Amino acid sequence: MSFSDFDRAAMARALKLAARGLETTQPNPRVGCVIARDGRIIAEGWHARAGQAHAEVMALRSAGERAAGATAYVTLEPCAHYGRTPPCVDALLHARVARVVFALPDPDPRVNGRGARRLREQGVEVESGLLASAAQALNPGFLKRMQTGLPWVRVKLAMSLDGRTALANGASRWITGPQARADVQHWRARSSAILTGVDTVLADDPRLDVRLRAPSGGPRPPLLRVVLDSHLRTPPAARLFSVPGEVLVVSVPPPPGERAEYVGRQDRLARAATVVALPADASGRVPLRPLLALLGERDINEVWVEAGPRLAGALLAERLVDELVLYIGPKLLGPQARPLVAMTALAQLQDAPGFVMMESRRIGADLRVRLRPDRDQAGGSSSNSGRS
C-alpha cells in the first residue's frame, strides 16, 4: 500500500495530537485525528479523557460540513461499538468522509476489524498501517492488555556507576539528581498504576503519587497504588494513604493458625485500602502473573514499578517485564552496597538475561537508559531469590 508524503505528514500530526492525552485517557487508548482535503488539514481532534468525545468526533465537530468528501487520518481504527460514547464509525459515515486512513487496527474484541469493515461496506475507502510503529509506541499498555489481558510493565531502577542502588545500610537518597527525579514524575503520570513491595513501604514510606499538574489543568484520573504484601505488614499510617486515590494491598491467605491475626491486620488496613488475597505461589508469596491479570481485569494499561531488588528481580525472572527505565547517577558506592536486582548466581555467561537498548538520554547530571528484555535470547530465565 502506497502513502503520499502528505499522508505521512497528516498521520504524524495525528500522533502528536494523540500524545496530548498521554496522562489522561486511562483506561482508553491515546488517539488523535486529522481531517484533510485537497492537501490541507482542515480540522484536528484528540481524545482527552474516558467518557468524553473520541478524537474522530472532536475533529468532525471542528470540520463541520467541510468533512464531506474529506480524508480522516486516525491513529487507531475507529470504534464500531457503543461504550461510554457512540461509535465513531457512525460519526464518520454521518459526516460523509470519503476516505479513512488509520495507523493500527484496534485489538479490542468489540472492534478488531469491525470498524474498517463497516466503513468499507458503506463505500468509504479505508487504508491502514501508516506509521504503525509510532502508534504502537504510543499505546503499548492498551494494545498488550487487549491482546493478552496483562498490562505493560515498566520497572524503574536507579543505580550508581557500579550498579548499586543503596549503601549497605539502605541509604539511597539521592543516587540521582533532581532532574532525574522530576523525570520520574512524568513516567508516573502516564501510568495507570504504581506497583511496589511492602519492604519499600517499610523502608522509605513513599507516597507514590504524581506531583505534576494535569496538562489540562483539571483533575487527573485516579492513580492506583499497589503494594505486594504477603503478610499484611503495611502500616495503616503509611504515607501511601495520605493522598487521594485507591491503594490496593495484595496478600496471600494466611495459614490456619495465623488467621485471627491476619484478619485483625486486614480490618485495620481495610479502612484505608482495598485488600485482596491471591493464592500463594510455590514460595508462599504473592503470585506475579495472577497479580498482573488482576490489574488487567481492572483495566490497567501501564504499570510503573518502583521497588527493591527482590521484586524487580522476581518480575525479570518470570519474564513479566516489558521495559526497564534505568537512571544512572555518576557515583560509586562500592562492593558492599546493595545490588540492582536480586537473582540467582549464574554458572555461565550465556545464561545472563540480555536486553535491547531502546533509548539513552542525559537527564541533568544523570543518564536515563530504556531497555527491553531480549525475548529471542535462549537464556535469561533464572529464578528469583524471593520477595515480600
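Residues numbered from 1 in each chain as written. Predicted model: local features only at pLDDT ≥ 70, side-chain atom pairs only at ≥ 80, totals over all residues. Heavy atoms only, no water.

Trainee: Could you give an account of the sheet that holds strand β11 (residues 274-277), naming the residues involved and the relevant values?
Mentor: In space, the 9 strands of this open sheet follow the order β11-β10-β9-β8-β12-β6-β13-β16-β15, with mixed pairing throughout. Of all strands in the sheet, those bounded by a partner on one side alone are β11 and β15 (355-363). Between one strand and the next, the sheet's axes are offset by a mean angle of 20°, whatever the strand orientation. In this structure, strand β6 (residues 152-159) lies alongside strand β13 (residues 323-328), joined through 6 bridges in parallel fashion. Residue pairing for β13: A158 is matched across the bridge by Y327. (Pairing = 2+ DSSP bridges. Helix = DSSP H or I, 4+ residues; strand = E, 2+ residues; numbered from the N terminus. Axes fitted to C-alpha atoms, helices over the stretch in contact; angles between N-to-C directions.)

Trainee: How would you sum up the sheet that holds strand β2 (residues 40-46)? Please name residues and give values.
Mentor: Strands sit in the order β2-β1-β3-β4-β5 across an open sheet of 5 strands; the sheet is mixed. A single partner strand is all that each edge strand has here, and the edge strands are β2 and β5 (125-128). Pairs of neighbouring strands in the sheet enclose a mean axial angle of 15°, with direction left out of account. Of the pairings in the sheet, the one linking strand β1 (residues 32-37) to β2 comprises 6 bridges and is antiparallel in character. What sits directly across from R37, in β2, is R40.

Trainee: Describe empty space enclosed by the protein, listing the residues and the values that go with them.
Mentor: The full count for this structure, using the stated rule, is 2 cavities of 30 Å³ or more. Reported here for the second largest cavity is a volume of approximately 40 Å³. Along its surface, the second largest cavity is lined by S230, H231, V252, P253, P254, P255, E258, Y262 and R265. Grouping the constituent residues of the lining of the second largest cavity by class yields 5 nonpolar, 2 polar and 2 charged. (1 Å grid on protein atoms, 1.4 Å probe; cavity = no way out; pocket = protein on both sides within 12 Å on 5 of 7 lines; lining within 4 Å. Points joined across faces, edges and corners; volume = space filled by probe spheres on them. Nonpolar A, V, L, I, M, F, W, Y, C, P; charged D, E, K, R; others polar.)

Trainee: Requested: an account of the pattern of salt bridges, with residues and values cited.
Mentor: Enumeration over the complete set of coordinates arrives at 24 salt bridges. Measuring nitrogen to oxygen at the nearest pair gives 2.7 Å for the salt bridge that ties R154 to E302. With R154 in strand β6 and E302 in strand β12 (residues 302-306), this pair connects stretches of sequence that are 148 residues apart. Judged by its relative accessible area of 1%, E302 is buried. Put simply, E246 and R298 hold a salt bridge, and the shortest N to O gap is 3.1 Å. One end of the pair, E246, is in the loop between β9 (224-228) and β10 (247-251); the other, R298, is in the loop between α10 (288-297) and β12, with 52 residues separating them in the sequence. A relative accessible area of 31% places R298 in the partly exposed class. Taken together, the salt bridges that share partners define one network made up of R30, R154, D183, R190, E302, E323, E359, R368 and R370. (Salt bridge = Lys/Arg side-chain N within 4 Å of Asp/Glu carboxyl O. Buried < 20%, exposed > 50% of the residue type's maximum accessible area, 1.4 Å probe, protein only.)

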